[in-house]
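# Summary of structural features
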Amino acid sequence: MKLFLLILLFILSFIPSKGQTSFSSKVWNRFYELVQLPIDQQVDGFKKLQHECIKQNLTNDSTYTNLLFLYATAQFDSNKIDTAISLLKESIQISKNNPSKNPIPYLSKYHFYLGYYQSQISKFESAVSNYHIAYDLGVKKYNKWGIPSLACQQLSHLYYEIGDYKLGLKYATLGVQLDEKNQDVNQFINNLYEQCINLHALDLHIDLQPKLDSLLSFSELYADPFKKGLFYTLLAKVETNNKEYEKAEKAFLQANEFFHQSNEQEYSVMNYVALQYLSILRQDYSKSLYYEKLATSKTEIPFIKSVLFANKSLYFKQIHDYGNALKYIDQSLKALPIDFSIQSKNNNPSAEQLRKLPQKEYAFNALFEKAEILSLNRNTWQQSLETYTLLDSLVDLMRWQHQDIGSKLFWREKLNSLYEKAIETCFNLNKPEMVFFFMEKSRSALLVDQLNHNMANFSLPLNVANKETALRLEVIRNQYANNKQELADYLQARSKFDDYVNYLEQNYPQYYELKYGNKVPSVSEVKQYLSKNKQSIYSYFEGKNYLYALLINEKTLSLKKIPSNSYQKNKLDFSTMLANSNWSKSDLNQFLSCANNLYELVWKPFEKEATSRIIISTSGNIIPFAAFSTSNNKPDYLLNKYAFSYIYSARALLAQSNQNSKQSSKKPEFLGIAPVNFPYNQSLISLNGSAQAIENNANLFHSSKTFLENEANLSNFEIYWPQAKVVQIISHAYADSELGKPTIYFADEGLSLENIKTQEVQTQLLMLSACRTGIGKDYKGEGVFSLSRGFFGTGVPSIYSTLWDILDVDAYAISNMILALVKSKVPLDIALQKAQIEWMKDADQNKQLPHAWAGIILLGDSAPLSEESNFKIWIYFAFAVGLLIIIGTYIGLRSRKKRKLNH
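This structure is a prediction, so every number in the text was calculated from the model and none was measured.

## Considering the overall build of the chain
A tally of regular secondary structure across the chain gives 37 helices and 16 strands. Taking contacts inside the chain between residues at least 6 apart in sequence as the whole, the part at least 24 apart equals 70%. Surface exposure of the chain reaches about 40500 Å², of which carbon and sulfur atoms provide 51%.

## A look at the pairing of strand S7 (residues 704-708)
In this structure, strand S6 (residues 670-674) lies alongside S7, joined through five bridges in parallel fashion. By the bridge assignment for S7, Ala 674 is matched with Leu 708. Following the backbone out of S6, through helix H31 (residues 690-698) and into the adjacent parallel S7, one traces a crossover that is right-handed.

## Structural notes on the pattern of salt bridges
If charged atoms from side chains of opposite charge come close, those side chains can pair. Going through the model one piece at a time under the given rule, you end up with 18 salt bridges. Note that Lys 421 is salt-bridged to Glu 372, the shortest N-O span being 3.3 Å. Placement of Lys 421 in helix H21 (residues 405-428) and of Glu 372 in helix H19 (residues 361-374) is noted, with a sequence separation of 49 residues between them. Given the relative accessible area of 18%, Glu 372 is considered buried.

## Quick notes on the packing of helix H5 (residues 81-97) against helix H6 (residues 104-120)
Packing of H5 against H6 leaves a shortest axis separation of 9 Å and a crossing angle of 155°. By the angle between their directions, the pair H5 and H6 is classed as roughly antiparallel. Our pair here, H5 against H6, has a crossing hand that is left-handed. On the side of H5, the interface is formed by Ile 81, Ala 84, Ile 85, Leu 88, Lys 89, Ser 91, Ile 92, Ser 95 and Lys 96, while H6 contributes Leu 107, Tyr 110, His 111, Tyr 113, Leu 114, Tyr 117, Gln 118 and Gln 120. Residues of the contact of H5 with H6, tallied by class, amount to ten nonpolar, five polar and two charged.

## Some points on H31
Those residues of H31 lying buried are Ser 690, Ala 693, Ile 694, Asn 697 and Ala 698. On an axial view of H31, the arc spanned by its buried residues comes to 135°, and they lie on one face. Where H31 is buried, its residues touch S6, S7, strand S8 (726-730) and helix H34 (808-823).

## Observations regarding the packing of aromatic side chains
In the structure shown here, the tally under the stated rule is 55 aromatic pairs. Aromatic side chains Trp 28 and Phe 31 sit 4.9 Å apart centroid to centroid with 70° between the ring planes, which places their arrangement in the edge-to-face category. Placement of both Trp 28 and Phe 31 in helix H2 (residues 22-34) is noted, with a separation of three residues, approximately one turn of the helix. Take Trp 28: its relative accessible area is 1%, and that puts it in the buried class.

## Quick notes on the confidence of the model for the chain
Residues at a pLDDT of 70 or more form 82% of the chain, whose mean pLDDT is 83. Per-residue pLDDT stays below 50 along residues 402-410; that stretch engages in 31 contacts with residues further than four places along the chain or on separate chains. Counting interchain partners and residues more than four positions distant, the pLDDT-below-50 stretch residues 869-874 has three contacts.

## Observations regarding helix H35 (residues 828-842)
Between the first and last C-alpha of H35 there are 22 Å, a value that for 15 residues agrees with the 21 Å anticipated at 1.5 Å per step. Of the residues making up H35, those classed as buried are Leu 828, Asp 829, Ala 831, Leu 832, Gln 833, Ala 835, Gln 836, Trp 839 and Met 840.

## Concerning the environment of Asn 621
Along the chain, Asn 621 falls in the loop between strand S4 (613-618) and strand S5 (643-647). Spatially, the C-alpha atoms of Asn 621 and Ser 575 are 9.8 Å apart, while their sequence positions differ by 46 residues.

## Some points on the sheet that holds strand S10 (residues 743-745)
Within the open sheet, the three strands sit side by side as S9-S10-S11. Their pairing is antiparallel. Two strands in the sheet have a free side with no partner beyond their single neighbour: strand S9 (733-734) and strand S11 (750-752).

## Some thoughts on the nonpolar core
The biggest cluster of nonpolar side chains holds 99 residues, and the ones touching the most others in it are Leu 212 and Leu 418. Counting 93 residues, the second largest nonpolar core, distinct from the first, contains Ile 623, Val 726, Ala 733 and Ala 831.

## Side note on the packing of H34 against H35
It is at 8 Å that the axes of H34 and H35 come closest, and there the two elements cross at 135°. By the angle between their axes, H34 is oblique relative to H35. Pair H34 / H35 crosses with right-handed handedness. Between H34 and H35, the residues in contact are Asp 810, Ala 813, Ile 814, Met 817, Ile 818, Leu 821 and Val 822 and Leu 828, Ala 831, Leu 832, Lys 834, Ala 835, Glu 838 and Trp 839, respectively. Along the lines of polarity and charge, the residues of the contact of H34 with H35 split into eleven nonpolar, no polar and three charged.

## Focus: the environment of Ile 81
Inspection of the secondary structure puts Ile 81 in helix H5. When its relative accessible area of 12% is taken as the criterion, Ile 81 is described as buried. In the structure, Ile 81 is positioned 39 residues away from Gln 120 in sequence and 8.3 Å away in space, judged by C-alpha atoms. With sequence-adjacent residues up to four places away left out, Ile 81 is seen in contact with Phe 76, Tyr 117, Gln 120 and Ile 121.

## Digging into the pairing of S8
Here S8 lies mainly inside the structure; five of its five residues are buried. Along S8, one buried face is formed by Val 726, Gln 728 and Ile 730 and the opposite face, lined by Val 727 and Ile 729, is buried too. Here four bridges tie S6 to S8, and the two strands are oriented parallel to one another. Paired with Gly 672 across the bridge in S8 is Gln 728. Across five bridges, S8 lies against strand S12 (residues 765-769) in parallel orientation. Residue Val 727 lies in a different strand from S12, and its bridge partner there is Leu 766.

## Quick word on unusual backbone geometry
In this structure, Asn 79 takes a positive phi of about 65° despite not being glycine. Among the secondary structure elements, Asn 79 is positioned in the loop between helix H4 (62-77) and H5. Look at Asn 79 and you get exposed, because its relative accessible area is 63%. At Gln 183, a residue that is not glycine, the phi angle is positive and equals roughly 55°. Summarising the element assignment, Gln 183 is placed in the loop between helix H9 (165-182) and helix H10 (185-201).

## Some thoughts on the side chain of Thr 763
Note on placement: Thr 763 falls in the loop between S11 and S12. Residue Thr 763 is classed as buried on the basis of its relative accessible area of 0%. A distance of 3.0 Å separates a polar atom in the side chain of Thr 763 from the backbone oxygen of Ala 724. Ignoring sequence-local partners within four residues, the contact set of Thr 763 consists of Trp 721, Pro 722, Ala 724, Lys 725, Val 727, Val 796 and Pro 797.

Calculation notes
Residues numbered from 1 in each chain as written. Predicted model: local features only at pLDDT ≥ 70, side-chain atom pairs only at ≥ 80, totals over all residues. Heavy atoms only, no water. Helix = DSSP H or I, 4+ residues; strand = E, 2+ residues; numbered from the N terminus. Contact = heavy atoms within 4.5 Å. Areas by Shrake-Rupley, 256 points an atom, 1.4 Å probe, with all protein chains shown as cover. Pairing = 2+ DSSP bridges. Right-handed = clockwise from strand over helix to strand, strands pointing away. Salt bridge = Lys/Arg side-chain N within 4 Å of Asp/Glu carboxyl O. Buried < 20%, exposed > 50% of the residue type's maximum accessible area, 1.4 Å probe, protein only. Axes fitted to C-alpha atoms, helices over the stretch in contact; angles between N-to-C directions. Parallel < 35°, antiparallel > 145°, perpendicular 65-115°, else oblique. Left-handed = near helix turned anticlockwise from the far one by under 90°. Nonpolar A, V, L, I, M, F, W, Y, C, P; charged D, E, K, R; others polar. Arc of directions from axis to C-beta. Phe/Tyr/Trp six-rings, centres within 6.5 Å; stacked < 30°, edge-to-face > 60°. pLDDT = per-residue confidence, 0-100. Expected span 1.5 Å × (residues − 1). Core = buried A, V, L, I, M, F, W, Y, C linked by side-chain atoms within 4.5 Å. Polar contact = N/O pair within 3.5 Å; in protein donor to acceptor, adjacent residues only side chain to side chain.

Here it is, written out as structure tokens:
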């Protein structure tokens, strides 16, 4: 509210220009008088002034729109927020209709406050939209109220509140840049604080520390006690993370002094809870009881009580008193507002109770600790598994609350530990079906969401989709509920959303199943899928101590645990050597040693049960199993025995298989793209020979379209590729495993991963003949974000990709051999295997080494390309028969005519 009043003073400092009418000047003077009155008198005064303006026909310039704005302000302060919003919308509409009489800075201001009012009644989506408009308008022309910076601050905090820390950081940084440019110290502090809390939430402490130091320095001169309390609380949390517990305690106590000065008891209570936790970390139990007592005496908020019990549980876990640790975890769960009563020692809340709980992180943290403690005792492994299963359902509820992809990835990374412990528990219980379940839930959840979302949205009317989004965001915005009224508001929002989801289930069943079904295929369903082509899935999870591997086929379900240290070392050496094209004889010997070690560790235990076609499923960076060697002193690669393909998850594979039956696409059958030259980027060398390679491959197909050199631009690609059956791009690509910004280059510009458009595609096969299209940043718990994954997310079921740099002539030759086999309806994994084997027969000795051929892999569905539809075949057949009849008739008539002439 202080911020609001400050901006209002700026507004009232406006001096009417000479061009205004005398009545207009009187109106502005009346503004100054009215804002000094009590709120109820302001409302009446602005209402009368509005009627006078209407009588004087002064209803379309900045005087009138500012009148509506101030009238809205008074209504807002009277808690009539809907009326305030209505007045601001009218002000905005008049400004848009009369742009010459309403300067852009005023319109920016109106949008900002409309967003502010909407955020107060949980209309999150509308608020965000208006903040964005306020920012965009505000930066076009000088804005004396600093609206763009204020919009950035509000956006940053809204995203922080719902857990989208990456977006929160983005807008805080934009705000700081504006404040530095405008030398606005007070607003600079506000946006700098938003930067700091988002950096802290993202665990980016190296970037955080200098900003926090700057924030504390500025606060000495420019911050009020309340803000100082917030800043020192953040400092205390950072010192806690740094294990500087004495400094952390001092900072928490300093923060509470400031909160007491500003009479902010709720914030001081939260700090006492933090001090209780801090004391437990320091194993000072008596002091923890002291801070617990201070917190308990000042609050009745259920979430705070829940944390106090959870902290006590941590103390007993530290001293290995697991009985009391479990007791206090259950007390922590019981304190939450979910009507949960403990019926037995290891009882948990129901999924339905957790579904109705706002601030689900409190239940998640308690249940995670409970599951881990239960997993320590053989006698409670089953209860531990039940708790992990409940946690997984809670994760599904939490995931859709995060809107930004960066924040979703952040949460997925944090969940990796959960799934590792769940898999370990399932292994101990010898439950391979549940191992498969948790492996699937641990990987590519966001990719499955994307595939489902893309397919679902094509079946949902826009107005229905918009209403669903609005209701969902209202739930998110209300989730931070503490008192009874806030809890009631959350439950009401949740009830509305649930009712609408039920409506979607009844009226749009396909959309509901795709968006909310969240189903993991069972092992029996996977076996049925694999039995069609005698394939096996080899799925593995890389944990801290062990690699858990699972082989599934029609006859087998086999689970093994492999020590991680030896695997990780050999994997690193193996991958590093494969990417190097300059090998000596000693390098080959070293490689064969690594390749054989990996074979012995990872593959040999399953070899007798495997079929000849293997689908590899992993959540991390892909390593080419085809280059494993059964011998450590001579090349004997698995390529000669198995056809390999790779998937992001079985869920993603089956989702694509169910939705894409590989129906014949529109013309052309083949689309080839080869820019050859890249004049806009001098670091990219010309790819001489790529145009001829595309032409050679195009000649394999009945119908084709090629874009070469200047025509191989991004626009042509985006227009034509979704309709082509087979697409090949021969170009340069960039991928960095750390930065994670994969890009493929066209004749005029590059296409990055985040800019691949979501659209309906009919493409059955995409061949990315560019370097490193299959690598990118590996996000723990979600997988590698590569160009291949980006295209897979649009709905392309099968992609040939690369893991490292391959010589152009080698790549061109192998791609031609692959596509010739693909055109002959050979399954895609077998086409790759045969092409690589055949290519090695004629290659010189150096090119027979795996770095020359093993980098090309198949991602996704390995089924052969579809035949033309029967309908089309019959058309062609009928046309051919008809043509033969016509020709036969013509020849017969000619013969008869000749005979007549001869007679």
